[in-house]
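Below are the chains, spelled out letter by letter.
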Amino acid sequence: MVDRITDIWGARTPYARGALWPDRIDMALQAGIAAGDVDEWVQSACVLCSNGCGCDIAVKDGRMVGIRGRASDRVNHGRLGPKGLFGSWQGMQHQDRLTRPLIRENGKLVETDWNTAMERIVVRSKELLAAKGPLSHGFYTSGQLFLEEYYALGIIGKAGIGTPHMDGNTRLCTATAAASLKESFGADGQPGSYTDIDECDAAFLYGHNMAETQTVLWSRLLDRLSGPNPPRLVCVDPRETEVARAADVHLPVRPGTNLALMNGLIRELFINGWIDQEYIDAHTLNVEQLRSVVDRWTPERVAEVCGVDASDVRRAAAIFGTSERVLSTVLQGFYQSAHATASACQVNNLHLLRGQLGRPGCGILQMNGQPTAQNNRECGADGDLPGFRNWENPEHVKDLARIWNVDPAIIPDWSPPTHAMQIFRYAEQGSIGFLWISATNPAVSMPQLARIRDILRQESLFLVVQDIYLSETAQYADVVLPCAGWGEKTGTFTNVDRTVHLSEKAVDPPGEARSDLDVFLDYARRMDFRDKDGRPLLDWTGPHDGFEAWKECSRGRPCDYTGLSYDLLRGASGIQWPCNDEHPDGTDRLYADGVFPTDPAYCESFGHDLLTGATVGSTNYKASVQSGKAWFKALDYTPPHEDPDEEYPFRYTTGRTVYHFHTRTKTGRSKPLNDAAPEPWLEVSGEDAGKLGVAGGDMVRVFSRRGMLELPVRVADIRPGSVFAPFHYGYWDTAGPDDGGRPRAANELTLTEWDPVSKQPVFKNAAVRIEKIPGKGPA
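A brief look at the structure comes next. It should be emphasised that the depicted structure is a prediction, and the values quoted were computed from it without experimental measurement.

Counting its regular elements, the chain contains 28 helices and 27 strands. Overall, the chain is about 70 × 65 × 60 Å in size when its C-alpha atoms are taken along their principal axes. The proportion of buried residues among the 779 residues of the chain is 66%. Residue pairs in contact within the chain that sit at least 24 positions apart in sequence constitute 75% of those at least 6 positions apart. For the chain, the computed accessible surface area is about 24,800 Å², with 48% contributed by carbon and sulfur atoms.

Have a look at this one:
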């Protein structure tokens, strides 16, 4: 096999529009192991980006020794990216793995047994519930657990304890995806499908560096671009990424100005008559409000605000307005920036204006940043009600109480679910005294890290962390629980385009590590959570029970799983929901009939004001809705709250690198991946490097109003005035700022601010200044 560290996307297999993407099987095996030596290949799917590539795990002598792509899987047709090849099984088998529970004694974490650890958790949990009630408890979870685990956690939090303080780190990466879909269409769920790449004649990537965040999906698009009748490509990104270099039009907007650009693109569609009035009249509402908002956003005004060429704005709009089939994908460049939900809704509006939904090649993928983020949202572990139910609809709450056989009054529906940023604020204030964090690392991933570290170390906070390694966050915990990871447990998960995969247990976890599901079930049993009839609230014996219970919860909802089963998923490919009696083979695209889930009795949300985040409410919603029609929602642009100034003259933005996933918990322990990107860096333009008197490799200090970093410079193709740092790097493998080490985590500088609707933090907009470190030469 070619070196897939340097040849990131592998060999091209060009194909034409409407053709089947050719298969290409990628494989990586432990040195000295040949395919014929493998004892067993176990079905799974990769969890190192949100693509969800079907794969098989190679097992020999009870150990994972390799991975190969599944040629029959609809997602990847056999391909795997560098992280899947070199960070999957390798990232699970490191000497640093947690193998026994830890408890804090005299200020230090020491090993103990499971009973002692769990009893310490249960005793503190019961004490706080008795003294302060359910609002003393918070749960902060991941985008990397399995569906069955999220659903168990959702039941525990909402029906066992009755707390609204539940969220996941999906709030940091994919909350805006869900929010924009609810606002435009009435419910979460991606309208498009990966097969739209095969059919489109134009693709727009909004703040989505697909080449590094979803390498296999980019391979698919590269193969279309290499084949006959390739699609035209438009890229919106302040950096000249691989996507930008491949694009017909690159719009290198100033960070924080996405909404201005989107308003200008939509105005061009109106001005040039590139709209489908018949579709608009039949299937949408509020088009005149949209028209009035965008009316003054001429290409020249967009150019002035965004720092792009007016001619490029016109060219991009013409591609969207005149193409027969357009696919749009959106990710963190929009989600983690100013006006996040409003900007993402404008992408939806472009497709609604042209009737570009529900047909091959006409799709929207409001992307996820994590492999199982969709399940977090579906199952209610992020604070929403399971099954895309509406927390403002009393009938939905009653229906959920019926399924769980509990009193509806215990399910917290009296206020909006508490988002992650507010959960940490409550912990900071002391009202949350018990915080359970599973499979995530806020000590590196949250904004304004110095503040987060202070919160995690508070004496008033009882902190439980379950993970596979001793993360930066776990080092602050009162109890650390060692958990099984990928390949060491069975469960299902759902990717961006609604494809459900089954991941089978291939090997036993190390030492005494347990699956996250077993931990949650044990906690529920020890807490003696019961339903109205006195039966255990969670009487599952394993993941299969959890999946069957979830199917009933999803019945009749947009994310209907009732036609799926473990047996059905044990096969050639994952299957897309909704899968039920009406769609026994799954559903490739949503809204082919132009009917949207906006009926007040069915919708997941009554909507919000895009400027303030205030809920519309059931009364106003019912007075204005026409059931089945989508909404045009629009907002005028205003500048970000923190713009560059004389003291902090640069715009600071963060993002990902192809070789790492999140906070490097697994990929940083893979030698090939870590060797490829061992340290963070600061990306600056050549023009700015000259002004600062720095060259590639020079060390600089980067200051914001919240913290400081010391990083080597990388001179790159980024717009002048903007700088970039990857967010993956923390301190588990080096001394951190609290220990006298060099500050290098990108979120030392980011600000505590969030979008008013999605509550997603604004990682892409901060003002910084840069100083060369005296006496330091090239690193």
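That covers the picture; the talk isn't over yet.
What follows deals with the side chain of S323. The topology assignment puts S323 in the loop between α15 (310-322) and β13 (326-330). Residue S323 is classed as buried on the basis of its relative accessible area, which comes to 1%. Within the local environment of S323, its side chain forms a polar contact with the side chain of R232, the two groups lying 2.9 Å apart. Once residues lying within four places of it in the same chain are set aside, the contact partners of S323 are D201, A202, R232, R354 and Q356.

Let us now look at the sheet that holds strand β11 (residues 249-251). Spatial ordering of the open sheet is given by β11-β10-β9-β13-β14, a layout of five strands whose pairing is parallel. The open sheet is flanked by β11 and β14 (363-366), the only strands paired with a single partner. The sheet shows a mean angle of 10 degrees between the axes of neighbouring strands, direction not considered. Pairing of β13 with β14, which is carried by four bridges, proceeds in the parallel orientation. By the bridge assignment, T329 is partnered in β14 with L365.

Quick look at the environment of A524 now. Checked against the element boundaries, A524 lands in helix α23 (residues 516-527). Using a relative accessible area of 5% as the deciding quantity, one classes A524 as buried. Each C-alpha atom, one on A524 and one on G133, is 17 Å from the other, the two residues being 391 residues apart in sequence. Residues in contact with A524, not counting those within four places in the same chain, are I156, F529 and L538.

Our next topic: helix α9 (residues 215-226). Look at α9: 16 Å from first C-alpha to last across twelve residues, which is about the 16 Å you get at 1.5 Å a residue. Judged by how many residues are buried, α9 sits mostly within the fold: ten of twelve residues are covered. The set of residues buried in α9 consists of T215, V216, L217, W218, S219, R220, L221, L222, D223 and R224. Tucked inside the fold, the buried residues of α9 contact α1 (82-87), α7 (196-199), β9 (202-206), α8 (210-213), β10 (232-236) and α10 (242-246).

Tallied over the entire structure, the rule returns 70 salt bridges. Among the ionic pairs, R325 bridges to E199, the shortest N-O distance being 3.1 Å. Of this pair, R325 sits in the loop between α15 and β13 while E199 is found in helix α7, placing the two residues 126 residues apart along the sequence. E199 gets classed as buried once you look at its relative accessible area, which sits at 19%.

Another aspect to go through is unusual backbone geometry. The general pattern is negative phi for most residues beyond glycine and trans for most peptide bonds. Cis peptide bonds are those with omega within 30 degrees of zero, and the linkage from W577 to P578 qualifies with 0 degrees. Phi is positive for N405, close to 60 degrees, though the residue is something other than glycine. By the element assignment, N405 lies in the loop between α19 (394-404) and α20 (420-429). Looking at N405, the relative accessible area reads 17%, which means it is buried. For A439, which is not a glycine, the phi torsion comes out positive at approximately 60 degrees. Positionally, A439 belongs in the loop between β15 (434-438) and α21 (442-445). The class for A439 is buried, based on a relative accessible area of 17%.

On inspection of all chains with the given rule, the structure shows 25 aromatic pairs. For the ring pair Y523 and F529, a centre distance of 5.9 Å and an interplane angle of 70 degrees mean the geometry is edge-to-face. Each member of the pair, Y523 together with F529, is buried. Positioned above the aromatic ring of W41, the side-chain terminus of R68 is 4.0 Å from the ring centre. Against the face of W681 rests R714, its NZ or CZ located 3.7 Å from the ring centre.

Further remarks concern the sheet that holds strand β6 (residues 108-111). With mixed pairing, the seven strands of this open sheet are ordered in space as β6-β5-β17-β16-β15-β7-β8. Only two strands of the sheet have a single partner each, and these edge strands are β6 and β8 (166-168). Ignoring strand direction, the axes of neighbouring strands in this sheet form an average angle of 20 degrees. Bridge analysis of strand β5 (residues 102-105) against β6 gives four bridges, and the strand direction is antiparallel. Considered in β6, the bridge of R104 is made with L109.

Where helix α11 (residues 258-272) meets α15, the axes come as close as 9 Å, and the angle between the chain directions of the two elements is 55 degrees. In terms of their interaxial angle, α11 and α15 are classed as oblique. Crossing angle aside, the handedness with which α11 passes α15 is right-handed. Residues L261, L265, E268 and L269 of α11 touch α15, and the partners they reach there are V313, R314, A316, A317, F320 and G321.

Contact geometry for α11 and helix α14 (residues 299-306): axes closest at 9 Å, N-to-C directions at 165 degrees. By the angle between their directions, the pair α11 and α14 is classed as roughly antiparallel. In this structure, α11 crosses over α14, and the sense of that crossing is left-handed. Between α11 and α14, the contacting residues are A260, L261, G264, R267 and E268 on the first element and P299, V302, V305 and C306 on the second.

It is worth spelling out the nonpolar core at this point. Y206 and W218 are the most contacted members of the largest nonpolar core, which totals 118 residues. Take this core: its biggest share by element is eight residues, from α11. Not counting residues within four places of it along the chain, the set of residues in contact with Y206 comprises V236, M262, L265, F320, S328, T329, V330, L331, F334, V347 and L350. One finds F139, V519, F520 and A524 within the second-largest nonpolar core, a separate group that totals 62 residues.

Reading guide: rules and limits
Residues numbered from 1 in each chain as written. Predicted model: local features only at pLDDT ≥ 70, side-chain atom pairs only at ≥ 80, totals over all residues. Heavy atoms only, no water. Helix = DSSP H or I, 4+ residues; strand = E, 2+ residues; numbered from the N terminus. Buried < 20%, exposed > 50% of the residue type's maximum accessible area, 1.4 Å probe, protein only. Contact = heavy atoms within 4.5 Å. Areas by Shrake-Rupley, 256 points an atom, 1.4 Å probe, with all protein chains shown as cover. Polar contact = N/O pair within 3.5 Å; in protein donor to acceptor, adjacent residues only side chain to side chain. Pairing = 2+ DSSP bridges. Axes fitted to C-alpha atoms, helices over the stretch in contact; angles between N-to-C directions. Expected span 1.5 Å × (residues − 1). Salt bridge = Lys/Arg side-chain N within 4 Å of Asp/Glu carboxyl O. Phe/Tyr/Trp six-rings, centres within 6.5 Å; stacked < 30°, edge-to-face > 60°. Lys NZ or Arg CZ within 6 Å of the ring centre and 35° of its normal. Parallel < 35°, antiparallel > 145°, perpendicular 65-115°, else oblique. Left-handed = near helix turned anticlockwise from the far one by under 90°. Core = buried A, V, L, I, M, F, W, Y, C linked by side-chain atoms within 4.5 Å.

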